[in-house]
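# Working through the structure, step by step
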Amino acid sequence: MVSSSVLGFPRIGAKRELKKATEAYWSGKKSVEELLKVGKEIRETNWKLQKEAGVDIIPSNDFSFYDQVLDASLLFNVIPDRYTKYDLSEIDLYFAMARGLQRQATETSKKVDVTALEMVKWFDSNYHYVRPTFSKSTEFKLTGAKPVDQYLEAKALGIETRPVLIGPVSFLYLGKADKDSLDLEPISLLDKLLPVYVELLKKLAAVGVKSVQIDEPILVLDLPEKIHGAFQKAYKYFSEQKDIPEIVVASYFGTVVPNLAAIKGLPVAGFHVDLVRAPEQLNDVAAILSDKQVLSVGVVNGRNIWKNDFAKSTKIVEAAIAKLGADRVIVATSSSLLHTPVDLDNESKLTEEVKDSFSFAKQKLYEVTVIAKKVSGKDVAAAYEANAKSIAGRANSTKINNQAVQKRTAAITDKLATRAAPFTERLKEQIPVFKLPLFPTTTIGSFPQTKEIRVTRNKFQKGAISAQQYEDFINKQIEEAIKIQEDIGLDVLVEGEASRSDMVFFFAEQLDGYQFTENGWVQSYGSRYVRAPIIYGDVSRPKPMTLRETVYAQSLTTKPVKGMLTGPVTMLRWSFPRDDLDQKTQANQISLALRDEVSDLEAAGIKVIQVDEPALREGLPLRAGAERDDYYEWAAKAFRISTSSVANKTQIHSHFCYSDLDPNHIKALDADVVSIEFSKKDDANYIAEFKNYPNHIGLGLFDIHSPRIPSTEEFIEKIGKILESYPAEKFWVNPDCGLKTRGWPETIASLTHMVEAAKYYREKY
Ligand code: GLN
Ligand code: ZN
């Protein structure tokens, strides 16, 4: 009998119970006991779901109140000193590391003021983990027993589980040195860390754990040889210990083949590999297994919402069985299901046809068990027949194929993706149109989304107010935004995005080819979840999307108003993409839809158009090589397809946030002006990297995540520093990103100071 296995289950709850409970705890509305209880209920529900579905290998310790990597930092005592000096309770210490903590002194407790640890993207997903932060004073030890406790919790329900741990090599490699220990290389701490892992493994074995899943996702990255050695060392060390559970080393999101040296000969019970993302690795991995090692084959996608194609998956599993024998193969999800919404059964608005194409976490449990039954020779004919019907149904769906879009996408030429003239010539035509001063000032697009805006939008969506009433309300917001910007003295204005709830959803809702869920939330970080739209079929634009608001805003002022669109790569990355069409073609379809919007804006008299691409960097394939080179090319081209229809005198802007950007990648977009999140970088090397960037740039001058108001002097100093290496002629003055999460008072004050600083330099230059 071939076993079925799940690498992890979403922990947010089908109705976002975890978000509600944690936020209530943070705001003092729930006690710690109440919070812990909700966590326990979610775990119980998840385990029972998996048990009922017949999953053989059910994970535990995949639950987390914030992030599983942070859990490991806390467990192994990787807690920088700045968090420990306040005598916080365990859960408050944990949340302080996750999100910072500011608290006034009380009679019984000290004043607390500490910022959060760094949070970064989890590989190429939209999940973020809290970076383990090591210092020379870090002393590894077990501070608790969460994996043991949660194993026992499941056991008390009669459910045997396999605890999941982040592996020691990935834990160190994904971490960083703290400010006080910058010359420390985390991997050098391996020798000290391993005994603490062993202590934990022994504890797990002592309570009856037979097998653990140790995640080493860095196996899909480009790793230095030294790290290969670290794998060998770590797992050899474990194998020399008595009384520890057997270990299955799990990788996901790519191929381990370039790192075979790291896992070849490892004395572990087996490996898990992601055969959804990298089916081609099967042969090479199978070839290095010893004759007892098992291979867990990930064939049910943990990163997407599409129904599994049983016929296709079965072939892959059967190929593994042919090589290794049925007793050495496990059928598994490709990764943790953390990256998928919880339960399709909670969707009531999708048509039956569309719904039949999807599979969320709960449904994927059944997929894994049915495939495992099939390859074990059990009769699952009915399930396979139904599946084949669904797969064929989707392939032939009229909602998917749009001949006109396909024709237009196939006809894309380089010329379509090239502006009429190079930047230097365009600039000559733009100067007399805009007559901008030196150090032109602008913002990134959104202004505060006040409660009033959210409430009114909600009313409109529920039908409580008419379209006309809503339009009048939005117009009023635009009028106020324009007036405020004129008063502050900004040079290039925006309409303020009051009508947009989310920069991707807003456009997706207006495009053909998208589908939407009501409850399809996926954790992005902590209590922030995203409900990504789904690209279901060929994408096209039935009618203008932003024209009305933008043109209305422009009618109120003589200053240029910047049209504001979300770029093709970001639209793709922040949606669930199709799995039946390559990413490049999907991006191209969206870029053509945006191109029409850009042309419409221009024709209506809009002279500056910004196309945001904050997700450009995260789409970069994890490894260097052909796939990455290819991405560089098609991503930039998709942007240029959307922006190259305009005349030379029309100014194209773009914007990027939270990522380490390669100036060359940005250069390939050929935007006239780009704005980049910068305020927290504050790094001379980073500025220098952009020194030779040929077009114009605004390096973000203040952090929009904080209500803090920088003074005019602070702006002057910041600009002065950048000017040491960056030329005044190319210098735009703007914040890091959109201001939608801020309040108006601090927004007005900060922008006023920013504009004053720009004026100061205009006098000097
Ligand atoms: N124009 C968007 C805004 O200002 C950009 C958001 C983003 O880059 N994340 O909100
Ligand atoms: Zn941004």
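Here the structure is shown first, and the text comes after it.
Let me begin by describing the structure that accompanies this report. (Residues numbered from 1 in each chain as written. Chains lettered and ligands numbered in written order. Predicted model: local features only at pLDDT ≥ 70, side-chain atom pairs only at ≥ 80, totals over all residues. Heavy atoms only, no water.)

### As for the coordination of the zinc ion (ligand 2)
The cut-off we apply is this: Sites may look incomplete, because water is not among the atoms used; the donor set itself consists of N, O and S atoms within 2.8 Å of the metal (3.2 Å for Na, K and Ca). All geometry calls rest on donor angles, where a four-donor set with angles between 85 and 135 degrees is tetrahedral, four- and six-donor sets with opposite donors more than 155 degrees apart and all others between 65 and 115 are square planar and octahedral, and all else is irregular. Going along the chain from the N terminus, every DSSP run of H or I of four or more residues is numbered as a helix, and every run of E of two or more is numbered as a strand. Note on classification: 1.4 Å probe, protein chains only; a residue is buried when its accessible area is under 20% of the maximum for its type, exposed when over 50%, partly exposed between these limits.
Surrounding the zinc ion (ligand 2) are the protein donor atoms His-655 (NE2), Cys-657 (SG) and Cys-737 (SG), which sit 2.0 to 2.3 Å from the metal. Taken together, the 4 donor atoms coordinating the zinc ion (ligand 2) and their angles of 92 to 120° define a geometry best described as tetrahedral. Going along the chain, you hit the donors of the zinc ion (ligand 2) in the pattern H-x1-C-x79-C. In this pair, His-655 sits in strand S22 (residues 651-656) while Cys-737 sits in the loop between strand S25 (731-732) and helix H28 (744-764), placing the two residues 82 residues apart along the sequence. Each member of the pair, His-655 as well as Cys-737, is classed as buried.

### With respect to the sheet that holds strand S2 (residues 58-60)
For clarity, the threshold we go by: Here, strands pair whenever DSSP counts at least two bridges between them. Between N-to-C directions, angles span 0 to 180 degrees; the directions come from axes that are lines fitted to C-alpha atoms, helices contributing only their stretch in contact. Between two residues, a contact is recorded if the distance between any of their heavy atoms is within 4.5 Å.
The strand order S1-S14-S13-S12-S11-S10-S8-S2 describes an open sheet built from 8 strands, whose pairing is parallel. Unpaired on one side and paired on the other, strand S1 (3-5) and S2 mark the two borders of the sheet. The mean angle between the axes of side-by-side strands here comes to 30°, regardless of whether they run parallel or antiparallel. By the bridge criterion, 3 bridges tie strand S11 (residues 246-250) to strand S12 (residues 270-274) in an arrangement that is parallel. Bridge pairing links Val-248 to Gly-270 in S12. Contacts from helix H12 (residues 310-324) reach strand S13 (294-300) and strand S14 (329-333) within the one sheet, and its direction differs from that of S13 by about 170°.

### Things to note about the site of ligand 1
Using the following cut-off: To be near a molecule or strand, a residue needs just one of its heavy atoms within 4 Å of it. Any N or O atom pair separated by 3.5 Å or less is treated as a polar contact, with the protein-specific requirement of one donor-capable and one acceptor-capable atom, and with residues adjacent in sequence counted only for side-chain atom pairs. Residue polarity follows a fixed list, in which Ala, Val, Leu, Ile, Met, Phe, Trp, Tyr, Cys and Pro are nonpolar, Asp, Glu, Lys and Arg are charged, and the others, Gly among them, are polar.
Taken together, Ile-444, Gly-445, Ser-446, Glu-497, Met-503, Met-564, Asp-612, Pro-614, His-655, Cys-657, Cys-737 and Gly-738 are the residues near ligand 1. For ligand 1, an oxygen atom lies 2.7 Å from a polar atom in the side chain of Ser-446. Glu-497 has a polar side-chain atom sitting 2.9 Å from a nitrogen atom of ligand 1. For the shell around ligand 1, the class distribution of residues is 6 nonpolar, 4 polar and 2 charged.

### Considering the packing of helix H2 (residues 32-53) against helix H14 (residues 361-375)
Two measures define how a pair of helices packs: the angle their axes make with one another and the distance between the axes. Rules: In a left-handed crossing the near helix is turned counterclockwise from the far helix by less than a right angle, and in a right-handed crossing that turn is clockwise.
Where H2 meets H14, the axes come as close as 9 Å, and the angle between the chain directions of the two elements is 35°. Crossing of H2 over H14 shows right-handed handedness. Between H2 and H14, the residues in contact are Leu-49, Gln-50, Glu-52 and Ala-53 and Lys-362, Leu-365, Tyr-366 and Thr-369, respectively. Considered class by class, the residues forming the contact of H2 with H14 number 4 nonpolar, 2 polar and 2 charged.

### Some details on the sheet that holds S22
Reading across from one edge, S15-S20-S21-S22-S23-S24-S25 is the order of the 7 strands in this open sheet, with parallel pairing throughout. The open sheet has two free edges, formed respectively by strand S15 (493-494) and S25, since each of these has just one partner strand. Pairing of S22 with strand S23 (residues 673-676), which is carried by 4 bridges, proceeds in the parallel orientation. Along S23, the bridge assignment pairs His-653 with Val-673. The sheet contacts of helix H23 (residues 583-603) involve strand S20 (561-566) and strand S21 (608-612), and relative to S20 the element is tilted by about 170°.

### Points about the packing of helix H1 (residues 17-26) against H2
Here is the rule: Roughly parallel means an angle under 35 degrees; roughly antiparallel, over 145; roughly perpendicular, 65 to 115; everything else is oblique.
In contact at an axis separation of 9 Å, H1 and H2 are set at 170° when each is read in the N-to-C sense. Between H1 and H2, the angle falls in the class roughly antiparallel. At the point where H1 passes H2, the crossing takes the left-handed sense. The residues of H2 that touch H1, namely those facing Glu-17, Leu-18, Ala-21, Thr-22 and Tyr-25, are Val-32, Leu-35, Val-38 and Ile-42. Class assignment of the residues belonging to the contact of H1 with H2 gives a composition of 7 nonpolar, 1 polar and 1 charged.

### Quick notes on the pattern of salt bridges
Where we set the bar: The salt bridge definition used is simple: a Lys or Arg side-chain nitrogen within 4 Å of an Asp or Glu carboxyl oxygen.
Enumeration according to the criterion identifies 40 salt bridges in this entry. Of the charged contacts in the structure, one is a salt bridge between Lys-48 and Glu-44, with a shortest N-O distance of 3.0 Å. Placement of both Lys-48 and Glu-44 in helix H2 is noted, with a separation of 4 residues, approximately one turn of the helix. The exposure class of Glu-44 is partly exposed, given its relative accessible area of 27%. The salt bridge involving Lys-121 is made with Glu-618; its shortest N-O contact spans 2.8 Å.

### Observations regarding H28
Side chains that are three or four residues apart share a direction in an α-helix, a result of its 3.6 residues per turn. To keep it simple, the criterion reads: Multiplying 1.5 Å by the residue count of a helix minus one yields the expected span of that helix. By definition, the arc is the one covered by directions from the helix axis to the C-beta atoms.
Here H28 contains 21 residues, and its C-alpha end-to-end distance of 31 Å stays within 8% of the 30 Å for a straight helix at 1.5 Å per residue. Along H28, the residues that are buried comprise Glu-746, Thr-747, Ser-750, Leu-751, Met-754, Val-755, Ala-757, Ala-758 and Tyr-761. Along the axis of H28, the buried positions cluster into a sector of 160°, meaning they face one direction only. In H28, those exposed residues whose orientation departs by more than 90 degrees from the buried face are Pro-745 and Glu-763.

### Let's talk about the packing of aromatic side chains
Rules: Two rings belonging to Phe, Tyr or Trp (six-membered ring only in the last case) form a pair when the distance between their centres is within 6.5 Å. Interplanar angles under 30 degrees mark stacking, angles over 60 mark edge-to-face geometry, and anything in between is tilted.
Taken as a whole, this structure holds 35 aromatic pairs when the rule is applied. On the basis of an interplanar angle of 70° and a centroid distance of 5.6 Å, the ring pair of Phe-439 and Tyr-765 is categorised as edge-to-face. Of this pair, Phe-439 sits in the loop between helix H17 (423-434) and helix H18 (451-461) while Tyr-765 sits in the segment after H28, placing them 326 residues apart in sequence. Residue class for Phe-439 comes out buried when judged on its relative accessible area of 1%. Seen from their ring centres, Phe-460 and Tyr-470 are 4.3 Å apart, and the 5° between their planes marks the pair as stacked.

### Overview of a negative patch on the surface
Going by this rule: Patch criteria: residues need more than 30% relative accessible area and no salt bridge. Like-charged residues are merged within 9 Å; nonpolar side chains of Val, Leu, Ile, Met, Phe, Trp and Tyr are merged within 5 Å. Residue-level accessible areas treat just the shown protein chains as cover; the underlying method is Shrake-Rupley with a 1.4 Å probe. Residues scored as charged are limited to Lys and Arg (positive) and Asp and Glu (negative), so that His and the chain ends carry no count. By convention, the charge on Lys lies at NZ, on Arg at CZ, on Asp at CG and on Glu at CD.
Residues Glu-627, Asp-629, Asp-630 and Glu-633 make up a contiguous surface patch of negative charge. If you trace the backbone, Asp-630 turns up in helix H24 (residues 626-643). By relative accessible area, which is 43% here, Asp-630 ends up partly exposed.

### Examining the side chain of Asp-538
Among the structural elements, Asp-538 can be located in strand S19 (residues 534-540). Overall, Asp-538 belongs to the buried group, its relative accessible area being 5%. A distance of 2.8 Å separates a polar atom in the side chain of Asp-538 from a polar atom in the side chain of Arg-578. With residues near it in sequence (within four places) discarded, Asp-538 still touches Ile-400, Asn-401, Asn-402, Val-405, Gln-406, Asp-512, Gly-513, Arg-578, Leu-581 and Gln-589.

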